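# Inside the fold
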Amino acid sequence: MSVTDDYLRNNEAYAAQFGGQLPLPPANHVAVVACMDARLNVYGILGLKEGEAHVIRNAGGVVTDDEIRSLAISQRLLGTTEIILIHHTDCGMLTFTDDAFKRAIQDETGIKPEWAAEAFTDLDEDVRQSIARIKASPFIPHKDSIRGFVFDVATGKLNEVS
Amino acid sequence: MSAVDEYVSNNEEYALTHPGGLPVRPARHVAVVACMDSRMRIFPMLGLGDGEAHVIRNAGGVVTDDVVRSLAISQRLLGTTEIMLIHHTDCGLQKTTEDEFKGAIEAETGIRPPWAVEAFTDAAQDVRQSIGRIKASPYIPHQDAIRGFVFDVDTGKLNEVI
């Protein structure tokens, strides 16, 4: 039995006590942008309940064109106005370089990815970089309330980046 | 008090019981790709434990270059081999079109986004489209265990797309 099958069985129990009937626009008007890391249970970390906030996640929690697309849809179609960015300690993105990662793929497949891997060396700096990318985008209307954090995977604490 | 202040204060309580010391590699070798929708709390929905699976999310849960980037890092650097895709009923991306959304942004800002909005009309069909894009990518080595689902926001159930 695959892990996916296990998760499907868990979902049956979840559905049995599911509330349902919540509206599409997030009730707290918040969008969270976080790393995909397996130790980031965003609901637990922030005490997020169903229907409160969009949760956008990718490798690193970095702001790429796809985050801009998602945030533009979140704010323009679904009424969010606040943004929370979450990077974290012990991130996989701190362990390689764009050049080495793309070289390894090219050596194996013969094709070099046309996208940036978005590796970084300093967490705080990359959170500030992500905030700056959002602020530079003409497609995101609400930029007054953007806050960035580094989640400590050892302690479970969010530390704000100033 | 803004929603974000409330979440930051929730985090203090979370940190008291946070399970630290988990490794960066997902223990169950799974990557979940899902929509950012606020009604999909992925951890309880799948019974995900801390440290088990990567969670990648964007508007629609569609496979873009950024999702391919995240999956390539997930599989090549962090050892995942299974992929679960999750779209859902009542999705915001079913309520607009490429031209309508981009036209509205152009009318307001004077600039037309260079990216696709990735609007769709049929959730199951878009899950198949997303699986097709993963299978067409030369950068994702493990393509044997990819399954797609539509989450029903009224019942809490995952329905598999065949």
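Residues numbered from 1 in each chain as written. Chains lettered and ligands numbered in written order. Predicted model: local features only at pLDDT ≥ 70, side-chain atom pairs only at ≥ 80, totals over all residues.

A few words now on the overall build of chain A. Helices and strands together make up the secondary structure of chain A, namely five helices and five strands. In chain A, the succession of α and β elements from N to C terminus is α-β-α-β-α-β-α-α-β-β. Overall, the C-alpha framework of chain A stretches about 50 × 50 × 35 Å when taken along its three principal axes. Relative to its 162 residues, chain A shows a buried fraction of 49%. Expressed as a percentage of contacts within chain A between residues at least 6 apart in sequence, the contacts between residues at least 24 apart total 66%. (Helix = DSSP H or I, 4+ residues; strand = E, 2+ residues; numbered from the N terminus. Buried ≥ 20, exposed ≤ 12 C-beta atoms within 10 Å, placed from the backbone. Contact = placed C-beta atoms within 7 Å.)

To continue, consider unusual backbone geometry. All names here are of chain A. Phi at aspartate 90 is positive, roughly 60°, even though this residue is not glycine. Within the secondary structure layout, aspartate 90 lies in the loop between β3 (82–88) and α4 (98–109). You can call aspartate 90 partly exposed: it has 16 C-beta atoms within 10 Å.

The next thing to look at is the interface of chain A and chain B. Counting residues at the interface gives 67 residues for chain A and 67 residues for chain B. Every element with two or more residues in the side of chain A that touches chain B is listed here: α1 (3–16), α2 (42–46), β2 (53–58), α3 (65–76), β3, α4 and β4 (145–151) of chain A. Residue contributions to the side of chain A that touches chain B peak at eight residues, all from α1(A). Considering only residue class, the side of chain A that touches chain B consists of 34 nonpolar, 22 polar and eleven charged. (Nonpolar A, V, L, I, M, F, W, Y, C, P; charged D, E, K, R; others polar.)

All names here are of chain B. In terms of burial, strand β1 (residues 30–35) is largely enclosed, as six of its six residues are buried. Relative to strand β3 (residues 82–88), β1 is paired through five bridges, and the arrangement is parallel. Following the sheet pairing, alanine 31 is matched in β3 by isoleucine 83. (Pairing = 2+ DSSP bridges.)

The next subject is the environment of Met36(A). As for its position among the elements, Met36(A) is in the loop between β1 (30–35) and α2. According to the C-beta neighbour criterion, Met36(A) is buried, with 26 such atoms within 10 Å. Measuring from C-alpha to C-alpha, the distance between Met36(A) and Gly61(A) comes to 6.9 Å, with 25 residues separating the pair along the chain. Those residues in contact with Met36(A), other than ones at most four positions away along the chain, are Arg57(A), Asn58(A), Ala59(A), His54(B), Val55(B), Ile56(B), Ser70(B) and Ser74(B).

Model confidence for chain B is summarised by a mean pLDDT of 97, while 100% of its residues fall at 70 or above. Interface predicted TM-score (ipTM) for the complex: 0.96; the corresponding pTM is 0.97. (pLDDT = per-residue confidence, 0-100.)

Next up on the list: α3(A). Taking 1.5 Å of rise per residue, twelve residues should cover 16 Å, and α3(A) covers 16 Å from first to last C-alpha, within 8% of that figure. Within α3(A), ten of the twelve residues are buried, which leaves it mostly tucked inside the rest of the structure. Taken residue by residue, α3(A) has Asp66(A), Glu67(A), Ile68(A), Arg69(A), Ser70(A), Leu71(A), Ala72(A), Ile73(A), Ser74(A) and Gln75(A) as its buried positions. Of the surrounding secondary structure, the elements contacted by the buried residues of α3(A) are β1, β2, β3 and α5 (123–136) of chain A together with β2 (53–58) and α3 (65–78) of chain B. (Expected span 1.5 Å × (residues − 1).)

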